[in-house]
Structure formats: C-alpha cells, structure tokens
Amino acid sequence: MENFFVDEQGFYGGFGGAYVPEILYKCVHDLQQAYVPIIESDDFKKEYRALLRDYVGRPSPLYFAKRMSGKYGCRIYLKREDLNHTGAHKINNTIGQILMAKKMGKTRIIAETGAGQHGVATATVCALMNMQCEVFMGKTDVERQHTNVERMRMLGATVHPVTTGNMTLSDACSEAIRDWCCHPQDTFYIVGSTMGPHPYPDIVARMQSVISEELKWQLEEKTGRDYPDYLVACLGGGSNAAGTIYHYINDERVKIVLAEAGGHGIDTDYTAATIHCGTEGIIHGARTLVMQTDDGQIKEAFTISAGLDYPGIGPMHANMAVKKRSTVLAVNDDEAIYAGYELTRLEGIIPAIESAHAVAALKKVAFKPDDVVVLTVSGRGDKDVQTYLNNKALAKEYGDF
Ligand SMILES: *Cc1c(COP(=O)(O)O)cnc(C)c1O
C-alpha cells in the first residue's frame, strides 16, 4: 500500500506543504528542523508520557458497548477520549506542543479556537507550565460559547475577540497567524488540529497517535488481535481521526470510516462537509480541499457542531479520501442529534455533538457480526446538553421528556 504519512517536503500526495508569508519562513523552517528530534528525545517522551498518565488520565478506556453492538450487529468498542482532563482529545496535543515550545525556548503561547475547546486545552497547559497565553476567537463564537471564554479567562489566558470576516474559527486562525508574524521570535503557535503549514499536521497527528498506540494493546487484550476491522471517527480538522488511525494507516486489513459534518445537507449552502463539497485551494498555510467560491473566497462552514465548523480539512485526510484509503461520510445535524440520544440511552454516555457524528455513521455501514469496530468518542457532551434539548424533537423514539 502507498505511504500515507507526510513526505520529506511536507506533502501528503498533492496536499499539504507550507505556504507561509516570508516573515514566518524562518520560524516555520526552524520548527520543521526541530520537531522530530524533540518528539523522539528521551527527555520529551518521559515528560509527555508522565503528564498523559498523571494529568490527563491516560490510558483512556476501551469500552465494549454491548447494547450498541446488539443494535448494529457487530462488536463495537468505544475509545473514551471523553474521559480525558478537560473533556476531549485536544489535551493530548496541547500538552505535547507546550513541551515542544519550552524545549525551543519560547515564552509566549498563541492559539486559535472556534468552540473554545482548543482554547481551553491550551489555556490549561499554559497555567500548568506558567506561560503567557493569548487566544484568538471569532467574536460570534465568543458570544455563543461564553462558558468556554470564562474558563479560559479563569485559567489566566487573554481572549482576543476577532472581528474580521464572519467572526468565526477561520478568521481566528488568520488572526493567530497575523499575530505570529508580529512576534516570530518569542512566540509558539499551538495549532489545534491536523491543519496549518507543515510541520503542524504531522506534529498534531503524532501527538494524537497515542490513541491508536493504546488501541493496539487494548484490542489485543480484549479481542486477541491487535487491529480492528473498522475504525470510526468524526472529522473536523482531522486530529482525533488522525490519532485513531495513525498506527493503522498503512494496514490494509483496517477499514477507515470518517464522518464529516453535513450540516443541513451537502446539497445546501449550510454545510461543513469539506471533502464532499470542497475544491483544491490553500487555507491557513496548507494546500488542501477548501470550501470556496469559484473565485477563491473561503465560504463559511455551517454545522450544529462548533468543533466541526471549519471550511478546510487536514491535508492528510484530503489525500486519504481522494486515494480512497478512507471512506468519508457526510452526517447531517439531525442525524447527529439522534445518534447523540441513542448513545446516551443505550450506553449512558452523552457524547459531544462532534462525536455524535461518528456514532451516526454506524447506520451507514453494513457490518458483519464478527466485525470489530472501534469508534472514538472524541469528547463529552456536557457542553452540548442545551443543543440536544433544543432539538429533542429529532429523537422522539427516546421518549417525551
Ligand atoms: C475539536 C473537536 C473535534 C474536531 O476536531 P478534530 O481535529 O477533527 O478532532 C471533535 N470532537 C471534539 C469533542 C472536539 O472538541
């Protein structure tokens, strides 16, 4: 099988690269030179592993979901990233990147955030490491994700509301890059997903690869085989999916099913399904699939899930999708809401609305009874309870409450 990891030039097939302004060239180049030796050093590994264990609470459990398995006629295991400190997989990445920032002698941290989850995960590790933290967030998101803004402030971060463009995630990314251009010497940009210029997609994928590293021994223990038949995850920028598949990417026995956010549907303007609806372009420093107008203006992404609300997609996933290594399904808002209720009532686990997109993908695949299916629950649904309740009419089967 062909290699789906990044190549020497920072490309995944025709996608990826580092399209950055001249002023960031040195900064990005230094990071390209530094990141692999740092990640592979014993020093880094020791500190990273210890924090993942004692601070994040890893390994995250692999749970056999008996009632869901009965419903879908296969063997479903849930990888419980929702049980991590701060409630999602994002902390795996921010812990790794802040250790990297320290090793590179940086003193100031910046980050972009949409729903606020990556902002909270970044503010958390900045408090832990006593580093200055500046988070860029679209003004629209600041208003609709107020609790996360207050969490970031409580953790000591400064939140900068961004008032350009649609005032959402994509604009926050642009603003973070602009800030980085002004402070290339002392600032480390902690990117929140497998996006941005090379080497970020590879850095984030490596930081999240702990998910599939654990899956190998957990599956061996539970099924007697260290690989599943299917891996299922949701796809925003692509980081929890990248971590879930990392150690199985070049293993043909493992089928990969990813769920992107269809919003109101891929045939409407209200969608975030970049792989279905995007065309090739450059966004935030990488060549990838982008939702754009015919003349190259970035279109706003729409979905009920703030964490999947990005008009681009990590270059690794664009490449895997066009080469058919992965099957990417679009899951609409109503299907995700229903799936969120279903997992809640069948297993007592309220998933993040992002993760509920992955759950909804189960309906769209024909499994065999012996199939081992691993589904990553990327985050917990506490933050989405109001959204679920506002849309409870979509899950009538689970009672009138
Ligand atoms: C941010 C987020 C996502 C989407 O980001 P990826 O980089 O695609 O993983 C998915 N689930 C949760 C819970 C999130 O917070």
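Residues numbered from 1 in each chain as written. Predicted model: local features only at pLDDT ≥ 70, side-chain atom pairs only at ≥ 80, totals over all residues. Heavy atoms only, no water.

Caption draft 1: View of the site of the ligand. Of all residues adjacent to the ligand, which total 18 residues, the nearest are Lys90, Ser193, Gly236, Ser239 and Ser378. Of all the secondary-structure elements, those providing two or more residues to the shell around the ligand are strand E9 (230–235) and helix H11 (239–245). For the shell around the ligand, the class distribution of residues is 5 nonpolar, 11 polar and 2 charged. (Near = heavy atom within 4 Å. Helix = DSSP H or I, 4+ residues; strand = E, 2+ residues; numbered from the N terminus. Nonpolar A, V, L, I, M, F, W, Y, C, P; charged D, E, K, R; others polar.)

Caption draft 2: The packing of helix H14 (residues 333–347) against helix H15 (residues 353–361), seen in detail. Interhelical geometry of H14 versus H15 gives an angle of 90 degrees and a closest axis separation of 7 Å. As the angle between them shows, H14 and H15 are arranged roughly perpendicular. Two secondary-structure elements touch here, H14 through Glu335, Ala336, Ile337, Ala339, Gly340, Glu342 and Leu343 and H15 through Ile353, Ala356, His357, Val359 and Ala360. (Axes fitted to C-alpha atoms, helices over the stretch in contact; angles between N-to-C directions. Parallel < 35°, antiparallel > 145°, perpendicular 65-115°, else oblique. Contact = heavy atoms within 4.5 Å.)

Caption draft 3: Just the sheet that holds strand E10 (residues 255–263), in detail. Taken in spatial order, the 6 strands of this open sheet run E3-E4-E14-E9-E10-E13, and their pairing is mixed. A strand with exactly one partner marks an edge of an open sheet, and here the two such strands are strand E3 (62–64) and strand E13 (326–332). Taking the axes of each pair of neighbouring strands and ignoring which way they run, one obtains an average angle of 25 degrees across the sheet. Sheet topology places E9 next to E10; 6 bridges connect them, and they run parallel. Opposite Ala233, over in E10, you have Leu258 as the bridge partner. The sheet strands contacting H15 are E9, E10, E13 and strand E14 (372–377), and the helix crosses E9 at an angle near 140 degrees. (Pairing = 2+ DSSP bridges.)

Caption draft 4: Structural detail: the sheet that holds strand E7 (residues 158–162). The parallel open sheet is built from 4 strands, whose spatial order is E7-E6-E5-E8. The sheet terminates laterally at E7 and strand E8 (187–189), the two strands that pair on one side only. Sheet twist, expressed as the average angle between the axes of neighbouring strands with direction ignored, equals 25 degrees. Where strand E6 (residues 132–138) meets E7, 5 bridges bridge the pair, whose relative direction is parallel. Residue Met137 lies in a different strand from E7, and its bridge partner there is Pro161.

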